[in-house]
Amino acid sequence: MEEECLNYTVYPLQYELNIYPYVNEGQSYFDCEIRITVIANAPNVRVIELDAKDLNINYIKVLDGNRDIISSSRPMEFNSVHGKLYIYLQEPLKMYHASNKQYYSIQISYRKLVKEDGNGIFLVKYYDEQSKDYKYLFTTRLSPNKAKYFFPCFDNPRFEAVFKFKVYITQKMKNVQTTNTTLCIAEEQRRDILDDYIIVDYIPSPQVGLHQVGFHYSRFASMQTYAKKCNDTFILWAPIDEIDDFKFIFKYGITIIDVIHEYSRTNRSLVQGPINLVAVPTIISGYEIGSWNLLTNGAHRIVKIDQFTSIKQIETMTFELAQQLSRIWLGNPGEADRTRWKEEWFKEGMATYLAYYFITQYNHGITPVQWRQLGEYGLQMKHRAMAFDWHRTTPALGTFNSSLAIEIPSRYKELVQMKTGAILWMLENWVESDKFHQSLVDFINSRRGKYISLQEFTTVLDRDNIECLHQFFNGSTASRILWTWIRRPGYPVINVQVLRDRTPNAIQLKQRQFSYTTENRRETDFLIPISYIVQNNQNCFNCYRPRFTIDAQAYTFGENLNDGWILLNRKGSGYYRVNYDTLTWRLIAKTLKENMSSIDELNRAQIVNDVLVLYVAGDIDVQLAMEILDYLDNEGSPVVWESVLDGFEKFIVEDAACNMNKYLYREWEEFLTKKLSKIFGQLAKSKDQQFQTRLFRSNIIELACLLNYEPCRAHINRMYVEERRGKHNFFPDCRMSYFYILANETLSSTYSRRLNAIEQEDKHIADHKMRERNRFLYRIPIGAPSPMPIRMSTTEQTITMKPEMIHKDGTPSLSASIIIVLSSILASAFNI
């Protein structure tokens, strides 16, 4: 109904494309005969407007039955600059309605030259080891509005139509590369041989938008496997000599499909037909959001070569594929019953949350005994979202309600994905994990073939967890909590003040907007589920799960702390930061120093991240921040050190309220290098190649190099020299750190050979980070060294005074008093 009400004069129903590809070294192109079946949405339509760009058009017809109604005096006008094709008619189109089902057929013949730097559809050149020669392929990337470079169309992402492909593969033409792989968005129906062509005919696709169309044409090999519980087929395509390098992502993909089926508790196939994953040997960053059965990505983003692929690149590739498969499970055009999402940004966030959840179950290839809860991945989601979500110009999630996922600006895509996922993680911990996932699965399964909305999801979540109305002091429901976070931008910091002069102690909570700068610090009214733990919990009755929520009003509750601390945001799942009064911070610091294991590692990770970020925001002074973090030299948790790395990267936020200067920055570098020296020495010498150890080592070495830690520089340079001497390839997990150290030097002088695409990706990231850091350090003032702490002398001082310096009553005169005070100050300053 929404599509039919779109205010366009002509609406497409079906595209039929007969494609004749010709791939060769000199000039690659394809000829195409396209037939578009349309209806008129308005009366008196005499001009049909199509989108077309960089196409060489041979002829055009508009048929009413067998009669061509195109104007003979002025058949068409092609504005190649603006990408518009206007077709003029000799008579108006008849408007379509129930009693007059009038269809028209637009027939266009054209040729498309395909180049390596083309838009929409482009040529890829790669070296084939088997034939010892270069090969070429065609592939498409039509998101968000590049379909007009592939074929003439009505380029509106909300127009959906059926697509019918037929591909004519030439076999005996001179200088034309033979191919064996042609893929599109539908399943192959049959193959026929006609003269010099193999004709591949595909079944009609489901109704899809232009951004969901895909086409691939190459000479690739494939691997194929099947899901355990249903007939889902997973096929990977790559050059035949490289296909073994993709076995990791191939096995991982089918494992995640099996995890999804087990999670959904049904044998329902994700799609009708196979899921094709194509490794394109060029720079492509990520999957197209709308793809469901033709998933294309850059080969360097899904390949695993031990000597080149780093542990963080493995992390990225597993997340991206899990996210794409989650999108497919949540709803795609290839379902038997089409599921649609009214808020596609919410689907994006849900897919991100589920991707991390499924990766947690995958557990680096170790089959879990039971479903595991999100931990470090939840913190990762939250911290990645918070990196964007503090600025005053950042929009609220609800502002994206009318946007398709492909229309969300690229600068906000990670915010939408990670923030929505982090809020869902907070909600999961609010209603308990088992109940949350039970409600989620039941809801998705019940809405198959229908529309899904955020409102319906929160209503179901409330109904399934109605007991929360009685457990929470103010009767807050999941829907009330979720909507406050969606309608408001940013996130809060909760200021905690413990009043210890009464029994039980009173804990006051007050929220405000978090900001690194002095702007945008207004009071907020997020509905925040509060969970907490206390140091001495013998009499604590609220310590193990959220029990109440707070809003704009200051909230006070009683709890007997027995001279101990209180920690909000248990396991760090809440999408907010916490700042305590000075005494509470010092009690936390004391526990961390003496018995850090008494605080869960997720809470420790959140504490250190909050401390570093609150310091940058000017909410904690440098002495208190360093006192809290003083325990880090004994910290051995990978998730905590990842939070330290994330927090230190925020030190270069411009115009932050901490008034950073060069002296302060160097003091922090010295402080943190002392703290990580112990764990750095252990990991740098370790030969352990387990996944977690590799990731931990990579983070520590990256942080050490960012801190200009001299042993780290020596370690990286030593590995580099060994690589230059040919003893071994440079260890990929340290490659990012290597580029940090040598970011300002030229490529020819810093590396012994040309970098491949996998290595180039790390170099681009490292170069960007170092440019930002150097620009920040150049901009901030020099400042002055922090004053040395005053230390009282234990040495007795003897001052001889003349008789005239003493009054008759035995007290020293004014001049004598001044001498005594000055002597004490000097003695303290010089420690004498």
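This one's a predicted model, so the numbers in the text were calculated from it and none came from an experiment.

**Describing helix 10 (residues 478-487)**
When you tally the buried positions in helix 10, you get eight out of 10 residues, the bulk of the element. Among the residues of helix 10, those classed as buried are A478, S479, I481, L482, W483, T484, W485 and I486.

**Comments concerning the sheet that holds strand 18 (residues 233-238)**
Read from one edge to the other, the open sheet built from four strands follows the order 17-18-19-20, with strand pairing classed as mixed. Here the strands that pair on one side only, and so sit at the sheet edges, are strand 17 (221-226) and strand 20 (294-298). Taken over all neighbouring pairs, the strand axes of this sheet differ in orientation by 20° on average, direction set aside. As defined by bridge partners, strand 17 adjoins strand 18 across six bridges and the pair is classed as antiparallel. Looking across to strand 18, one finds that S222 is bridged to W237. Set on the sheet, helix 1 (residues 247-264) makes contact with strand 17, strand 18 and strand 19 (275-280); between it and strand 18 the angle comes to about 160°.

**Focus: the pattern of salt bridges**
By the definition in use, this model includes 50 salt bridges. Between K419 and D389 there is a salt bridge whose closest N-O contact spans 3.0 Å. Of this pair, K419 sits in helix 6 (residues 410-431) while D389 sits in the loop between helix 5 (376-386) and helix 6, and the two are 30 residues apart along the sequence. For D389, a relative accessible area of 0% translates into the label buried.

**Here's the deal with the environment of A605**
Turning to its location among the elements, A605 is positioned in helix 12 (residues 601-616). Note: C-alpha distance between A605 and V640 (35 residues apart in sequence) is 4.1 Å. If near-sequence neighbours (up to four positions away) are discounted, A605 is found in contact with L379, V639, V640 and S643.

**A few points about the packing of helix 6 against helix 7 (residues 433-446)**
At a closest axis distance of 6 Å, the pairing of helix 6 and helix 7 adopts a crossing angle of 115°. Between helix 6 and helix 7, the residues in contact are L424, L427, E428 and V431 and S433, K435, F436 and H437, respectively.

**Observations regarding the packing of helix 5 against helix 12**
Contact pair helix 5 / helix 12: the axes reach a minimum separation of 10 Å and the direction vectors enclose 20°. It follows that helix 5 is roughly parallel to helix 12 by the angle criterion. Seen along the crossing, helix 5 lies across helix 12 with a hand that is right-handed. Where helix 5 approaches helix 12, its residues E376, L379, K382 and H383 are matched on the opposing element by L602, A605, Q606 and N609. Of the residues that constitute the contact of helix 5 with helix 12, the class distribution is three nonpolar, three polar and two charged.

**A closer look at the nonpolar core**
Judged by nonpolar contacts, the single largest core of 250 residues is most densely connected at Y15, F151, F163 and W668. In this view, W668 contacts L612, Y615, V622, A625, M626, L629 and F651; residues no more than four positions away in its chain are not counted. Counting 12 residues, the second-largest nonpolar core is a separate cluster that includes V124, L183, V280 and I284.

**Structural notes on the confidence of the model for the chain**
Atom-level detail of predicted coordinates should not be read off regions where pLDDT is low. Averaged over the chain, the pLDDT score is 85; the fraction of residues at 70 or greater is 88%. Throughout residues 1-6 the model reports pLDDT below 50, and contacts reaching past four residues in sequence, or to other chains, amount to 10 contacts. This model gives residues 825-832 a pLDDT under 50, and the stretch forms 12 contacts once residues within four places in sequence are excluded.

**Let's talk about the packing of aromatic side chains**
Evaluation of the coordinates by the stated rule reveals 56 aromatic pairs. Ring geometry for F30 against F150: centres 5.7 Å apart, planes inclined by 75°, an arrangement best described as edge-to-face. In this pair, F30 is assigned in strand 2 (residues 28-40) and F150 in the loop between strand 10 (133-140) and strand 11 (160-170), connecting sequence segments 120 residues apart. In this structure F30 comes out as buried when scored by relative accessible area, which is 0%.

**Details of the pairing of strand 9 (residues 121-128)**
Strand 9 sits mainly inside the fold: six of its eight residues count as buried. Looking at chain direction, strand 9 and strand 10 are connected through eight bridges and run antiparallel. From the neighbouring strand, L123 faces strand 10, where its bridge partner is F138. The turn linking strand 9 back onto strand 10 is made up of four residues, and K132 within it adopts a positive phi angle of 55°.

Quick notes on the rules
Residues numbered from 1 in each chain as written. Predicted model: local features only at pLDDT ≥ 70, side-chain atom pairs only at ≥ 80, totals over all residues. Heavy atoms only, no water. Buried < 20%, exposed > 50% of the residue type's maximum accessible area, 1.4 Å probe, protein only. Helix = DSSP H or I, 4+ residues; strand = E, 2+ residues; numbered from the N terminus. Pairing = 2+ DSSP bridges. Axes fitted to C-alpha atoms, helices over the stretch in contact; angles between N-to-C directions. Contact = heavy atoms within 4.5 Å. Salt bridge = Lys/Arg side-chain N within 4 Å of Asp/Glu carboxyl O. Parallel < 35°, antiparallel > 145°, perpendicular 65-115°, else oblique. Left-handed = near helix turned anticlockwise from the far one by under 90°. Nonpolar A, V, L, I, M, F, W, Y, C, P; charged D, E, K, R; others polar. Core = buried A, V, L, I, M, F, W, Y, C linked by side-chain atoms within 4.5 Å. pLDDT = per-residue confidence, 0-100. Phe/Tyr/Trp six-rings, centres within 6.5 Å; stacked < 30°, edge-to-face > 60°.

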